[in-house]
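Given next are the chains, with one letter for each unit.
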Amino acid sequence: MMKPFVFSALIFCCFLSGLVHGQIISGVVLEKESGLPLPFANVFVSNTTLGTVTKEDGSFTIKGDFPQEIEVVASFIGYFREVQKVLVRSSNSIELKFELSINEAMLTEIELKSKRDKQWARQFRKFEEVFLALPDDPYKSQIEILNPWVVDFEMVKPKGAPNYLIASSEEPLQIVNNALGYQIDYYLQDFRLTREEAGFIGQVYYKPIPTLDLSQMTRWQNAREENYFSSLRHFNLSLILNNTDTVHFGIYRAPYRGPDDRTPNHFYEIGRSIFPTQMDSILRRPLGDGTFRVFLPERLEILHLDRSWPNNYYNSVFHPISWIEAKEKFFDVDRKGILIDPRQLILSGYLSRQRVSRHLPLDYEPKSNFVAVNTGDQVDSQNVLTQIDQLREKPWLVTNKPYYYPGEKGWFGGQMLYQNEFLKDTLSRVIHVDLISEGTIHQSHQFPIKNGKIQGGFDLPAELPAKSYTLRAYTNWSKNFDQDGVFLIPIPVVEKGMVPTKKSMTQEQTLQLIEVKTDFSLVDSVPYRVMDLALDFVDEFENPIDVNFYLSILDSEQVVDFPSAQKLEDALTWLDSSLPEDFDFFAKFPIEYGISLQGIFIKDKKRQDLEQNISIVRGDLEDYGTVKSDTTGSFWATGLYFQDTASIHISALDEKGRAFGTIELIPNTSLTISSSLPDLVYDVVPFTKNDLILDVAEDFVLLEEFVLEESKEIETMAERNYGYGTPTFEVRQDEMEKLTWQMILGKYFNSFKNLNMGESTSGVLAIIDGQSFPYQDGVELITLNYEPFDLESIKIYSDPFSRAIFGMAGYAGVIMIETRKGSRSGPQFDSKFDPTGFQTFQVRGFSSFLEFPKNPPDNRYLSKKPTIFWEPKGKTVQGSFKTRVKIPYGVESLRIKIDGISEDGEAFSKVQIIEIQKSLK
């Protein structure tokens, strides 16, 4: 379950409280150095619409209902602004004096920062999402910073603490909010962003946008009221007024428990992890100065009942959800519900979405009781486009070599780029890779996407013509976006005996914030040399930084230097793109969660419905699932998991299990080949250094056949979880003796959540002592025949990546049990499948490929090959990575190439040459 992003309440930190009526603030603004008045300087009460400009003599007067604690701000272009905190009690008049100093740096700066580099653009995008509005907020398209170039960024990476991003600005940010109808001057005081938290403070001056358009005024007024009644301020006001009316909020005590202890069913959780409470049961006390203290010993969970909004936390309610937690178990508010010190609260969920786009001035007062209306906060065409934009994905691949020869074997690794990283669980788990040239697809493969990572390989036929090819990668879902989500890279295939060359080998150098430090040692053994390689990744401050990377080590004499067209830095520019406003989206191609089938059910009797349950069986019940055809008889099934080709049996079944009707499968359509494919212009020259050696597939297969077992202890299939990987949950042995099935199912199985974008699923799959039973209700099968105390282990697979390997049968989750000795006398289950009446189709699955053998045997002479080492899944631990590379004798020089991306989204690339003989001396 996705952890809610915590947004610090500092976003509203302006130290405002308790409005007092009929106050006057007056004073003067002077230049500090000369003592002369500053006419036309801005003076305002922060976070309100109350402000003015100074007269020719520098004087000003502001009238209004001021909070008890206010920040009064004076600013003038070319001068440092001054902020004075003022306590307003019973006095009707307050006199202030401001003396502004000249900001010489601002006056002498002549460079207009309207153009920035790619790194700044990505940082500004993060800044906007935290400061203005989240990407899926309908208000995002209606709010804009008019002078973005004034924002500067700095990445702070303290030792022993998380890195964080700082944003600063010498000038006020000029913002237009067309969603609420305000022009905003935001004087940014502090902005900090970490991976888990974000917060900012500043002084804010609101000016209503003037308009004579009555309909526009009405929309703004409705939007303001809607946001007010959903705000923390209104919630606080309801508390101190002892308001028992819960038309706006549903309130629950929510003592914190880990996400693994929660289920996505709101109603199931009531009385278990959340407990209904009334506003009048929350203790509050007046402090005697117009403020109140609210006591909050536990975290509150709040449903905003008057709003509809999708959430990723519950699948049974469709209201926004917020969480409020008081750091000191209490917080103070004024009589208007305004926080005295916003740092007292931690907000998460919907209230943490309240960026500048939804923030109202604190002197705003609603004009009526709120009634939900369509204010633009509902789903409109622009919001739909924004949501679609967030669902875009694109692969990026890197190959082990920059060019190949006919008859060679190649490998590639890569990752998916997501416009919204949080949605990757719901997006594609199948990548299609084609080798194309001149409008022809020469090879087509499909490989699984595992947690956003990709790896695969290909064999080039010996008869393949030598010329430039293109490696193309895409997902079925990305076909809906035409060429936007397609990865293309030129792959030269060179005639044997020749090598490619370019007239100019100079490549554009880009500033890299990540440095790769290489350390190695070389020793000779009998069959080969051994290199212990250590890679340390550091940032510009020499701090270790964790990265994901791809490592290729080549014989530099066999593989000549050739410019790479696989820069991850260039690929990341796609993240800064967006869909055109006139993009017409139609989801013709569904998301694939495994090998997929598309077909049509044809009835054999007139009275039969075309809507039928279609049963799909792979082999002899190796996998099983049921999908439903629509009113036209069409059906789509996805989630099968197998390699090469399998027999798939398909039929509609009646209530007696008899097959009827006819099934026709529709072939999957390949993506149209673009008329403009990338190309490399290069020459070829004879290879003159020594005998040319190829990466031939048979050599690597031979190596793998001789790999020795490193451990003499034999691990059982049960200990290996029968090859299915690490489970999501495992019930401990001591727990099984105390828990009933009802308790186990309540704790673990209700946490199953179908993240497959509405795809239908079968029931929970049962695996008993390694034997799967996909044709039956797994929960009923196990709970009726076994008791927890009779079992050695209970393992549960519920997250989308761990259960993907089980195919369609594991769509709804998997429970795997290992029985104790003597407990296996339960009922015998016949798992043989009778295909009578089913139609059988031969379906192509994932392409099988030989993973690069990184650990060849210790007792066998290692022959020379161009590719010495290939690691497509490199990952550091505290910034370091160590590996052992076995190098054939005769290799004189190595070319090490590293491409990767840090956890902060910084791409990097490094190439290093190692002369072996020099290193041995």
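This one's a predicted model, so the numbers in the text were calculated from it and none came from an experiment. (Residues numbered from 1 in each chain as written. Predicted model: local features only at pLDDT ≥ 70, side-chain atom pairs only at ≥ 80, totals over all residues. Heavy atoms only, no water.)

1. Some words on the overall build of the protein
Rule in force here: Going along the chain from the N terminus, every DSSP run of H or I of four or more residues is numbered as a helix, and every run of E of two or more is numbered as a strand. Residue burial is assigned from relative accessible area. The probe radius is 1.4 Å, only protein chains are included, and a residue is buried under 20% of its type maximum, exposed over 50%, and partly exposed in between. Here a residue-residue contact requires only that any non-hydrogen atoms of the pair lie within 4.5 Å. For the accessible areas, the method is Shrake-Rupley and the probe is 1.4 Å, while residue cover comes only from the protein chains on display.
The secondary structure content of the protein amounts to 12 helices and 51 strands. Here the protein holds 921 residues, and 53% of them are scored as buried. In the protein, 73% of the contacts between residues at least 6 apart in sequence involve partners at least 24 apart. Carbon and sulfur atoms provide 51% of the accessible area of the protein, an area that totals close to 42,600 Å².

2. Looking at the sheet that holds strand β26 (residues 440–448)
The criterion, for reference: At least two DSSP bridges between two strands are required for those strands to pair. Under this scheme, a helix contributes an axis fitted over its contacting stretch, all axes are lines through C-alpha atoms, and angles between N-to-C directions fall in the 0 to 180 degree range.
Taken together, the four strands give an open sheet; going across it, the order is β26-β25-β28-β29, and neighbouring strands pair in antiparallel fashion. Looking at the sheet topology across the chains shown, the edges are occupied by β26 and β29 (487–492). The average undirected angle you get between the axes of adjacent strands in this sheet is 20°. Summarising the sheet, strand β25 (residues 430–437) and β26 pair through eight bridges and their orientation is antiparallel. Its bridge partner lying in β26, V430 is registered against P448.

3. Digging into the sheet that holds strand β27 (residues 453–459)
Strand order across the open sheet formed by three strands is β23-β24-β27, with antiparallel pairing between neighbours. Of all the strands in the sheet, the pair left with one neighbour each is β23 (393–399) and β27. Taken over all neighbouring pairs, the strand axes of this sheet differ in orientation by 30° on average, direction set aside. Judged from the seven bridges that link them, β23 and strand β24 (residues 409–418) form a sheet pairing that is antiparallel. Looking at β24, one finds that T399 is bridged to F412.

4. Side note on the packing of aromatic side chains
Our working definition: We call Phe, Tyr and Trp rings a pair once their centres come within 6.5 Å, taking the six-membered ring for Trp, and we label the pair stacked below 30 degrees between planes, edge-to-face above 60, and tilted otherwise. In this scheme, the term charge over a ring applies when either NZ of a lysine or CZ of an arginine sits within 6 Å of the ring centre and within 35 degrees of the ring normal.
A full pass over the atoms with the stated rule returns 37 aromatic pairs. Relative to F849, the ring of F447 lies with its centre 5.6 Å away and its plane at 85°, an arrangement referred to as edge-to-face. Here F849 lies in the loop between β47 (839–844) and β48 (867–875) and F447 lies in strand β26, a separation of 402 residues in the sequence. Clustering of aromatic rings is evident, with ring pairs tying together W120, F124, F127, F131, F153, Y186, F191 and F200. The ring of Y182 carries R224 above its face, with NZ or CZ at 4.3 Å from the centroid.

5. Considerations on the nonpolar core
Our working definition: Joining through side-chain atoms within 4.5 Å is the link that ties buried Ala, Val, Leu, Ile, Met, Phe, Trp, Tyr and Cys residues into a set, and such a set is a nonpolar core.
Counting residues in hydrophobic clusters, the biggest one holds 56 residues, and the most contacted among them are F127, F131, I175, Y186 and F235. Dropping the residues within four chain positions of it, F235 is found in contact with F249, I251, M279, L300, I302 and I324. L397, L417, I449 and L471 belong to the second-largest nonpolar core, a separate cluster that totals 47 residues.

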